[in-house]
Amino acid sequence: FPPAVFPLSCAVQNYSWGKVGLESEVAKLVASSDPLAQIQPDQPYAELWMGTHPRGDAVIRDNRISQKTLGQWIADNPACLGAKVKDAFQGQLPFLFKVLSVNTALSIQAHPNKELAVKLHAQFPEHYPDANHKPEMAIALTPFEGLCGFRPVEEIVSFLQNVPELRALIGEVAAEQLERSGSNDPRGVSAALRVCFTRLMKSEKKFFVDQLNMLVKRISQEAAEGKDTSGSNGDLLLRLHSQYPGDIGCFTIYFLNLVRLEPGEAMFLGANEPHAYLYGDCVECMACSDNTVRAGLTPKFIDVLTLCEMLNYTPAPSSSKIFPAAQSQLDPSVYLYDPPVPDFAIMRIEIPASIKLYLVSAVDSASILLVIQGTAVGTSTAAASEMTLRRGSVLFISANESISLHLSSPDGMLLFRACCLL
C-alpha cells in the first residue's frame, strides 16, 4: 500500500496586507517547520494555503510517493477522501485550510451563495473564477479584529447623528427612513438599511473624498485636543484612512460590527455576510472557491452593484458573530467548530502537558492537521515511517486513518485539524 498519511510543504502567499518578516505567524510557522526556509525581513507573509487549490497545491514530502502534489495524489487515490465526501464533492477535497497574518485591512467583501455564484461565473468568469459558494470560518491564533455583519440599527443611527459627513453622503431622506424604521418591522429595517448602505457605496467619488477628508481632518483635530472621538469611531477611522486614503471603505465602519476575537474564538462568515479582516493572526477554513465580491479598502476590481444587491441586511450585535466551539464528549482535548455548511469543520486539539501519548482519531473524511505548538513523533500504520511533528508541521491524513503522537514537549501541544463531517 502507498502511504496514506504524509507530511506536506504548503504554499505561502505574499499579499501586500500581510504581516512582514518574522512578525508574521505564517512566516514563523514556515521557519519553524523548515530549517532551510529563508524568511525575508521586509517581505509580507500573508497566507499559508493547506490544500489542493491550483494556485497553491501542497507539495508531498515523502519520497516514496510518486505524485508531487496533494491535488495529484487525491486525483489518483480519491478513496482517501472517504466514501461520503468523495461522492458529495465529485472526488475533490471540499475545503481549503489556511493561516492568515493580517497587518492592514483586507477589502470589504462578501461571498455569494451557490445560486449567485453560478450566475456571476457565467456572466463574468474573469472576475468570478468558479461556480461555488465560499463560506469561511476564522479562528483567532492571536487577538484578532474584523468587521462583520451589520450593526444594530441604534448604533448606526447614533453614527448618523454624530457624523455629519456620513449623513451628507447618505442623504436626509434615507437617514430619516432608517431613524423611523421600528424594531417591530424587521423587513422595513432591512429595506431602510439597504437604501442607506447602497447610497453610501454608490456616492460620487469626488463627493465622498471631500466628505472623508473633512471627517478625517475634524477627527484628527478633536483627537489632538484630547477629545473623545468614540462617537465618530475615530480611532478606527484614522487607522483605515492611513492604510487606504480616500477609500469609500473607510465609511463602512459606521455600518458594520467591529468584532474582536481572543485566541480560540471564531467567527463564521456565511453567504452574503459583509466582512473585512483588520488585524491579527488566525487559522481559516473555507469551501473551495475564489469568489469574492469586493467594494472597498482595496485596489482590486470592485463590484458595488452586485455587493449591495446580495448582502444580508440583518442587523445584529457584534457578540452574536462569535461562533462557539463544542468540547467533545469523547475526547476532552478536542473542541469542534462545526459551521452550518457541509463543506468543512475544524477541530482545535489542546493536548495537556500531562499526556505523553495521544491518539489523533480516525474520521470518515480526509483531513489536514496543523501543529501550532509543541513537538511529537507521529506514527501510523498508514505512514511509511515515523514523522517528526513540530510547530508549523502539516500532515495529510486519509479518511479512517489515525495517528499516535508521542509527545516530547514539556507544555503539551496545540493542533488544528480541518475535515469534512457529512
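Model, not experiment: these values are computed from the prediction.

As a further point, take the sheet that holds strand β22 (residues 387-389). Pairing within the open sheet is antiparallel, and its four strands lie in the order β19-β24-β21-β22. With one partner strand each, in any of the chains shown, β19 (357-360) and β22 form the two edges of the open sheet. Sheet twist, expressed as the mean angle between neighbouring strand axes with direction ignored, is 30 degrees. Where strand β21 (residues 376-379) meets strand β24 (residues 403-407), four bridges bridge the pair, whose relative direction is antiparallel. Within the sheet, the bridge partner assigned to T379 lies in β24 and is S404.

This part is about the domain arrangement of the protein. Where interface size is given, it is often the accessible area lost as the parts come together that is meant. Here the domain parsing of the protein yields domain 1 (7-151 + 255-346), domain 2 (154-247) and domain 3 (347-419). Measuring from the centre of the C-alpha atoms in domain 1 to the corresponding centre in domain 3 gives 21 Å. Contacts between the two partners involve 41 residues from domain 1, matched on the other side by 32 residues from domain 3. Buried surface at the junction of domain 1 and domain 3, both sides included, amounts to about 2,800 Å², of which 65% is carbon and sulfur. The interface formed by domain 1 and domain 3 holds one salt bridge in total. Across the pair R391 and E25 runs a salt bridge, and its minimum N-O distance is 3.1 Å. Taken together, the connections running from domain 1 to domain 3 amount to 13 residue pairs in polar contact (both at pLDDT 80 or more). The set of elements that each furnish at least two residues to the side of domain 1 that touches domain 3 consists of β1 (5-9), α1 (25-33), α2 (70-76), α3 (83-88), β7 (95-102), β13 (275-287), β17 (334-337) and β18 (345-351).

As a further point, take the UniProt feature "domain: Phosphomannose isomerase type I C-terminal" (unreviewed entry) in the protein. Per the UniProt entry, the sites bearing "domain: Phosphomannose isomerase type I C-terminal" (unreviewed entry) are residues 336-376 in this numbering. As annotated, residues 336-376 comprises 0% helix and 51% strand, and the C-alpha atoms at either end are separated by 22 Å.

A few words now on the packing of aromatic side chains. Under the counting rule described, the total for this entry stands at 12 aromatic pairs. A ring pair is formed by F144 and Y277, whose centres lie 5.2 Å apart and whose planes are at 70 degrees; its orientation type is edge-to-face. Separated by 133 residues along the polypeptide, F144 in strand β10 (residues 144-150) and Y277 in strand β13 bring together distant segments of the chain. Residue F144 is classed as buried on the basis of its relative accessible area of 1%.

Reading the values: rules and limits
Residues numbered from 1 in each chain as written. Predicted model: local features only at pLDDT ≥ 70, side-chain atom pairs only at ≥ 80, totals over all residues. Heavy atoms only, no water. Pairing = 2+ DSSP bridges. Helix = DSSP H or I, 4+ residues; strand = E, 2+ residues; numbered from the N terminus. Axes fitted to C-alpha atoms, helices over the stretch in contact; angles between N-to-C directions. Domains from an automatic or database assignment. Contact = heavy atoms within 4.5 Å. Buried area = accessible area lost by both parts, 1.4 Å probe. Salt bridge = Lys/Arg side-chain N within 4 Å of Asp/Glu carboxyl O. Polar contact = N/O pair within 3.5 Å; in protein donor to acceptor, adjacent residues only side chain to side chain. UniProt positions renumbered as here; feature names shortened; annotations may be inferred. Phe/Tyr/Trp six-rings, centres within 6.5 Å; stacked < 30°, edge-to-face > 60°. Buried < 20%, exposed > 50% of the residue type's maximum accessible area, 1.4 Å probe, protein only.

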